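Letter by letter, the chains look like this.
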Amino acid sequence: MNSQRKRIQFPATIVLLAVLVTSVQADDDPMFGEHTPYTTGDKAQCVAIGDLNGDGLADLVVATDWADSISVLLNHDRGDFYEHKVYAVGDRPDYVALGDLDGDGDLDIVVENFDDNNVSVLMNDGTGEFADQVTYAVGTTPYSVAIGDLDGVKGPDIVTANTNGGNVSVLYNKGDGTFDDQHVTFPTGDGPISVAIGDLDGDGDLDIATADHYASTVSILLNDGEGAFDLDDSYPAGVNPDMVIMANLNGDCDLDLAVANTGGDSVLILMNEGGGSFADQVIYDVGDEPHALAAGDFDGDGDIDLATPNLNDNNVSILLNKCCTGVFELHPVVYEVGALPIHIAAGDLDGDGDAELAVANVDDDTVSVLMNLHRTIVWQDINGDGKVDVLDLLAVLAAWPTK
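Since this is a predicted model, take the numbers as computed values, not measurements.

Remarks on the packing of aromatic side chains
Next up, step 1: Within this structure, the stated rule accounts for 9 aromatic pairs.
Next up, step 2: Look at tyrosine 38 and phenylalanine 81: their rings are 5.4 Å apart centre to centre, the planes differ by 80 degrees, and that puts the pair in the edge-to-face class. One end of the pair, tyrosine 38, is in strand E1 (residues 36–39); the other, phenylalanine 81, is in the loop between strand E4 (69–73) and strand E5 (85–88), with 43 residues separating them in the sequence. Phenylalanine 81 shares its class with tyrosine 38; the two are buried.
Next up, step 3: Ring geometry for phenylalanine 114 versus tyrosine 143: centroids 5.9 Å apart, planes at 90 degrees, classification edge-to-face. Of this pair, phenylalanine 114 sits in the loop between strand E7 (108–113) and strand E8 (118–122) while tyrosine 143 sits in strand E10 (residues 142–148); the two residues are 29 residues apart in sequence, bridging distant segments of the chain.

This is the structure:
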């Protein structure tokens, strides 16, 4: 199919129709519908989104803390999910991450096991079915895990934030989805509870940031280019931060940081000033005990917004970005979810190009799915005739959902 895109002119009636269609959601309309709960294992603690079986639909993986397992929920129809399937992991899995560890094109699963001081790796057979876990030792009480190619050699590596160890562990990939038996540790601030990976200093390799719960800081660990790290700097991050994520919040190509400030009932923004150094924190109030964050364009305006679950309010706060400035609306938009929401992920669950939300509810053993109501037309060669014209608009309208 020809994927050309260009500016086109339509007759006035067609332009008016397009305006009406793309205005289905007015400014005062909700971004998301009511949440739909799906049952998981005991104590849903973390949720990740990714296409596990290659059908083009994003699926869910949930770490269930008390069940010592993960729940896999395959997507079967535009954000509707099959009953969960359970896979055993270690003791107290609190966090799950997805990545293609063996280079075969499908997503594998990594889970940290808090009380076992290790991680479980579950390899995908390509259909969304997973092999039994293989475990690898890491540091003391890992609480978060991330996946990325840190040394640029043999594929995605594994990083854990070791809360009571005051460090991160790195497991280097051997190239086939197996990992070195001996993890390597690098120091952070006190109580690292969350870890994120991205190129913070613009040198082409992946750096590490941690949210240090006990120190109330964010630690920046810059990559030396070969997958080893030094604690470059740390920044104040409110009171008992529980999560840090990386996202380009102001469109300048640098990755900024957003922090869930659990003890301060707020979200903190640290803007990247270039070279991996960050400006002073900017604070935005949200709900009671925000433990996690997700980034995505939730209102369809082309910039990155933030969402956080508020544990004691049983809801989610959406912070809307003002015109890709990295400055956010002071009053978040709030949506109800399940009981004690503790983690959140964003992704396109219905295949329409908009970001949906999945929320792990620790007290009612569910994951809440919030479908995005925003609808956007991207002008392109929809019908595959090699031209971008009125026929493409008609094809969009013919496929437009009626509800």
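Notes on the pairing of strand E24 (residues 315–319)
Next up, step 1: Counted residue by residue, E24 has 5 buried out of 5 residues, so it is predominantly covered.
Next up, step 2: Where burial is concerned, the two faces of E24 agree: the one with Asn315, Ser317 and Leu319 and the one with Val316 and Ile318 are both buried.
Next up, step 3: Bridge count between strand E23 (residues 305–310) and E24: 5 bridges; the pairing is antiparallel. Directly across from threonine 308, in E24, lies its bridge partner serine 317.
Next up, step 4: Counted between consecutive antiparallel strands, the loop separating E23 from E24 contains 4 residues, among which asparagine 314 sits at a positive phi close to 55 degrees.
Next up, step 5: Strand direction decides the pairing type here: E24 and strand E25 (residues 333–336), joined by 4 bridges, are antiparallel. Looking at E25, one finds that serine 317 is bridged to valine 334.

A look at the sheet that holds strand E16 (residues 217–223)
Next up, step 1: Strand order across the open sheet formed by 4 strands is E14-E15-E16-E17, with antiparallel pairing between neighbours. Two strands close off the open sheet at either side, each with one partner strand: strand E14 (192–198) and strand E17 (229–236). The mean inter-strand angle of the sheet, taken between neighbouring strand axes irrespective of direction, is 20 degrees.
Next up, step 2: In this structure, E16 lies alongside E17, joined through 7 bridges in antiparallel fashion. Residue pairing in the sheet places leucine 222 in a bridge with aspartate 230 of E17.

Re the nonpolar core
Next up, step 1: Core analysis: the largest hydrophobic core is formed by 60 residues, its most contacted members being Ile109, Ile269, Leu306, Ile318 and Leu357.
Next up, step 2: Of all the elements, strand E6 (residues 93–99) adds the most residues to this core, at 4 residues.
Next up, step 3: If near-sequence neighbours (up to four positions away) are discounted, isoleucine 109 is found in contact with Val61, Ile70, Val72, Val96, Ala97, Leu98, Ser120, Val121, Leu122 and Phe130.
Next up, step 4: Within the second largest apolar cluster, 17 residues are counted, among which are Ile193, Met246, Val259 and Phe278.

Considerations on empty space enclosed by the protein
Next up, step 1: Taken as a whole and judged by the stated rule, the model has 1 cavity of 30 Å³ or more.
Next up, step 2: Listed by contribution, the elements that provide at least two residues to the lining of the largest cavity are strand E2 (44–50), E6, E10, E14, strand E18 (241–247) and strand E26 (341–347).
Next up, step 3: When the residues that make up the lining of the largest cavity are grouped by side-chain class, the tally is 7 nonpolar, 5 polar and 2 charged.

With respect to the pattern of salt bridges
Next up, step 1: Within this structure, the stated rule accounts for 4 salt bridges.
Next up, step 2: The partner of glutamate 129 in a salt bridge is lysine 85, and the shortest N-O contact between them spans 2.4 Å. Remark: lysine 85 occurs in strand E5 and glutamate 129 occurs in the loop between E8 and strand E9 (134–137); sequence separation between them is 44 residues.
Next up, step 3: Since its relative accessible area comes to 31%, glutamate 129 is described here as partly exposed.
Next up, step 4: Judged by relative accessible area, lysine 85 falls into the partly exposed class, the value being 38%.
Next up, step 5: Where salt bridges share partners, they join Asp65, Arg92 and Asp94 into one cluster.

Definitions and cut-offs
- Residues numbered from 1 in each chain as written.
- Predicted model: local features only at pLDDT ≥ 70, side-chain atom pairs only at ≥ 80, totals over all residues.
- Heavy atoms only, no water.
- Phe/Tyr/Trp six-rings, centres within 6.5 Å; stacked < 30°, edge-to-face > 60°.
- Helix = DSSP H or I, 4+ residues; strand = E, 2+ residues; numbered from the N terminus.
- Buried < 20%, exposed > 50% of the residue type's maximum accessible area, 1.4 Å probe, protein only.
- Pairing = 2+ DSSP bridges.
- Axes fitted to C-alpha atoms, helices over the stretch in contact; angles between N-to-C directions.
- Core = buried A, V, L, I, M, F, W, Y, C linked by side-chain atoms within 4.5 Å.
- Contact = heavy atoms within 4.5 Å.
- 1 Å grid on protein atoms, 1.4 Å probe; cavity = no way out; pocket = protein on both sides within 12 Å on 5 of 7 lines; lining within 4 Å.
- Points joined across faces, edges and corners; volume = space filled by probe spheres on them.
- Nonpolar A, V, L, I, M, F, W, Y, C, P; charged D, E, K, R; others polar.
- Salt bridge = Lys/Arg side-chain N within 4 Å of Asp/Glu carboxyl O.

Structural measurements only, silent on function.
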